[in-house]
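Listed below are the residues making up each chain.
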Amino acid sequence: MGKINAIITGVGGYVPDYVLSNEELSRMVDTNDEWIMTRVGIKERRILVEEGLGTSYMARKAAKQLLQKTGADPDTIDALIVSTSSADYKFPSTASIVLGKIGLKNAFAFDFWGACCGFLYSLDVAASMIQSGRYKRIIVIGADKMSSMVDYKDRSTCALFGDGAAAVLLEATDEQNIGVMDSYLRSDGKGLPFLHMKAGGSVCPPSHFTVDHRLHYLYQEGRTVFRYAVTNMSDDCALIAERNGLNKDNIQWIVPHQANMRIIEAVAKRLDVPMDKVMVNIEHYGNTSAATIPLALWDNEQKLRKGDNMIFTAFGAGFVHGASYYKWAYDGSRK
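Residues numbered from 1 in each chain as written. Predicted model: local features only at pLDDT ≥ 70, side-chain atom pairs only at ≥ 80, totals over all residues. Heavy atoms only, no water.

Peer 1: Would you mind going over the overall build of the protein chain with me for this structure?
Peer 2: From N to C terminus, the protein chain includes 10 helices and 13 strands. Structurally, the protein chain occupies a C-alpha span of about 60 × 45 × 35 Å along its principal axes. Within the protein chain, the fraction of its 335 residues that count as buried is 54%. Expressed as a percentage of contacts within the protein chain between residues at least 6 apart in sequence, the contacts between residues at least 24 apart total 77%. Accessible surface, the protein chain as shown: approximately 14,500 Å² in total, 51% of it carbon and sulfur. Of the charged side chains in the protein chain, 37 are positive and 38 negative; the average position of the first set lies 1 Å away from that of the second. (Helix = DSSP H or I, 4+ residues; strand = E, 2+ residues; numbered from the N terminus. Buried < 20%, exposed > 50% of the residue type's maximum accessible area, 1.4 Å probe, protein only. Contact = heavy atoms within 4.5 Å. Areas by Shrake-Rupley, 256 points an atom, 1.4 Å probe, with all protein chains shown as cover. Lys, Arg positive; Asp, Glu negative; His and termini not counted. Charge placed at Lys NZ, Arg CZ, Asp CG, Glu CD.)

The following block contains the structure:
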């Protein structure tokens, strides 16, 4: 018997119905469509506006669609991982809420905090769990309600983010040379000053002062984050490509974190890969943090063919970054 490999066998997704366009945003803050499109390439984003609904709602919708599409028996799922920076509550975990809502009786669940790299990191963790032989089916979800932490009076950040969720089913297989092939994941720990939320954690718990001073919103120094993202995502992809013999001729898809169109274009240029081989949906969803990579897979599943060589790459707060080499395991047209 050969080694156990971990393959994605289906993708489910969910984005809220409400579309926040650049035109509407320009009535809320001093900005305009041309300014936003030129700098980040975002035309609109989806926002979960219904009161009382959080990240678990979107994650549950994505997971339900995934189970329906794949026909997987919920009782055969061994674990459920939700990667998010916008958990419903400090505790319990968002994953435990999702597990209960979709009726998984034989699984354990946990949240994974990896910022915009969360899906990339948690996919690697889930693959390792499967490759150990102890688990056979794991649902991995990237989900974020970024609107819950965006200051819509801050024109430098409010145009960037949206809400959404997507889920993949990761399964064990004896088939060789397929699935999660390689990964290069790193954290450098230098990013705290440049991208964070100042209040709400144990260092600065909520108080009248923190609310009055608007400290419960995302803070970002855009130029520094942009520079680090371009450098790290490009370097990580180049390293993964080199050590796996990948190049512009045998790479079918680059699947980058959707933070900024200029970052995505810089990564493609570094690899000398044409943009028609790069999955891009930032124009319609904005940055959905941990959800961007699986949402890109969800949007493009029909185009994928078994054996396609793919590089996933992301960058986020921390700073965290990385790239993974994945070989697709089924023809998307079967779905």
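Peer 1: Just checking my understanding: could you explain the sheet that holds strand β12 (residues 309-316) for this structure?
Peer 2: Backbone hydrogen bonds hold the strands of a sheet together, and the pairing may be parallel or antiparallel. Ordered by their spatial adjacency, 4 strands build an open sheet running β8-β13-β12-β11, and the pairing between neighbours is mixed. Strand pairing shows two members of the sheet lacking a second neighbour, β8 (179-187) and β11 (253-256), which therefore form its edges. Adjacent strand axes in the sheet meet at a mean angle of 15 degrees, parallel and antiparallel pairs treated alike. Alignment of β11 against β12, held across 4 bridges, turns out to be parallel. Across the sheet, residue P256 finds its bridge partner in β12, namely T313. In the packing of helix α7 (residues 222-243) onto the sheet, contacts are made with β8, β11, β12 and β13 (320-327), and the angle to β12 comes to roughly 150 degrees. Helix α10 (residues 292-300) rests against β11 and β12 of the sheet, and its axis sits at about 145 degrees to β12. (Pairing = 2+ DSSP bridges. Axes fitted to C-alpha atoms, helices over the stretch in contact; angles between N-to-C directions.)

Peer 1: I tried to follow the sheet that holds strand β1 (residues 5-14) on my own but got confused; where do I start?
Peer 2: The sheet built from 5 strands is open, its strands ordered β1-β7-β6-β4-β5 with mixed pairing. Each having just a single partner strand, β1 and β5 (108-112) make up the two edges of the open sheet. Adjacent strand axes in the sheet meet at a mean angle of 20 degrees, parallel and antiparallel pairs treated alike. Judged from the 9 bridges that link them, strand β6 (residues 137-145) and strand β7 (residues 163-173) form a sheet pairing that is antiparallel.

Peer 1: Please explain α7 as it appears in this structure.
Peer 2: Note: α-helices contain 3.6 residues per turn, so residues at a spacing of three or four share the same orientation. With 22 residues, α7 should cover 32 Å at 1.5 Å per step; its first-to-last C-alpha distance of 32 Å lies within 8% of that length. Buried within α7 we find T224, V225, A229, V230, N232, M233, S234, D236, C237, I240 and A241. G245, located one to two residues past α7, shows a positive phi value of around 65 degrees. (Expected span 1.5 Å × (residues − 1).)

Peer 1: Quick question: what am I supposed to make of helix α3 (residues 55-70) here?
Peer 2: With 16 residues, α3 should reach 22 Å at 1.5 Å per residue; the first-to-last C-alpha distance of 23 Å fits that figure. Contacts made by the buried residues of α3 are with β1, α4 (94-102), β6 and β7. Once α3 finishes, G71 follows within two positions and takes phi at roughly 70 degrees, a positive value.

Peer 1: Sorry, what's going on with the nonpolar core here?
Peer 2: Grouped burial of nonpolar side chains is what soluble globular proteins tend to show. Ranked by internal contacts, the top residues of the largest apolar core, which has 42 residues, are L25, Y152, I254 and I311. Among the secondary structure elements, those contributing two or more residues to this core are α7, α8 (261-271), β12 and β13. Considering each element in turn, this core owes the most residues, 7 residues, to α7. Discounting residues that sit within four places of it in the chain, I254 has contacts with L271, V273, K277, V278, M279 and I311. Ranked by size, the runner-up nonpolar core spans 39 residues in total, among them A6, V11, I130 and V140. (Core = buried A, V, L, I, M, F, W, Y, C linked by side-chain atoms within 4.5 Å.)

Peer 1: Before we go on, may I ask you to explain the side chain of D236 in this structure?
Peer 2: The topology assignment puts D236 in helix α7. The charged side chain of D236 is buried without a salt bridge, its nearest counter-charge being R186 at 7.4 Å. Setting aside residues no more than four positions away along its own chain, D236 makes contact with Y184, H321, G322 and A323. (Salt bridge = Lys/Arg side-chain N within 4 Å of Asp/Glu carboxyl O.)

Peer 1: What should I look at first to understand the packing of aromatic side chains in this one?
Peer 2: Two aromatic rings are characterised by how far apart their centres lie and by the angle between their planes. Considering all chains together, one arrives at 10 aromatic pairs under this definition. Relative to F319, the ring of F194 lies with its centre 6.1 Å away and its plane at 10 degrees, an arrangement referred to as stacked. Within this pair, whereas F194 is found in the loop between β8 and β9 (195-197), its partner F319 is found in the loop between β12 and β13, the two being separated by 125 residues in sequence. Accessibility expressed as a relative area gives 0% for F319, which makes it buried. Measuring from centroid to centroid gives 5.1 Å for W328 and Y330, while their planes differ by 45 degrees, and the two rings are tilted. For the pair W328 and Y330, one class covers both residues: buried. By way of ring pairs, the aromatic residues F194, Y228, F315 and F319 are connected into one cluster. Sitting over the ring of Y219, K198 keeps its end group 4.2 Å from the ring centre. (Phe/Tyr/Trp six-rings, centres within 6.5 Å; stacked < 30°, edge-to-face > 60°. Lys NZ or Arg CZ within 6 Å of the ring centre and 35° of its normal.)

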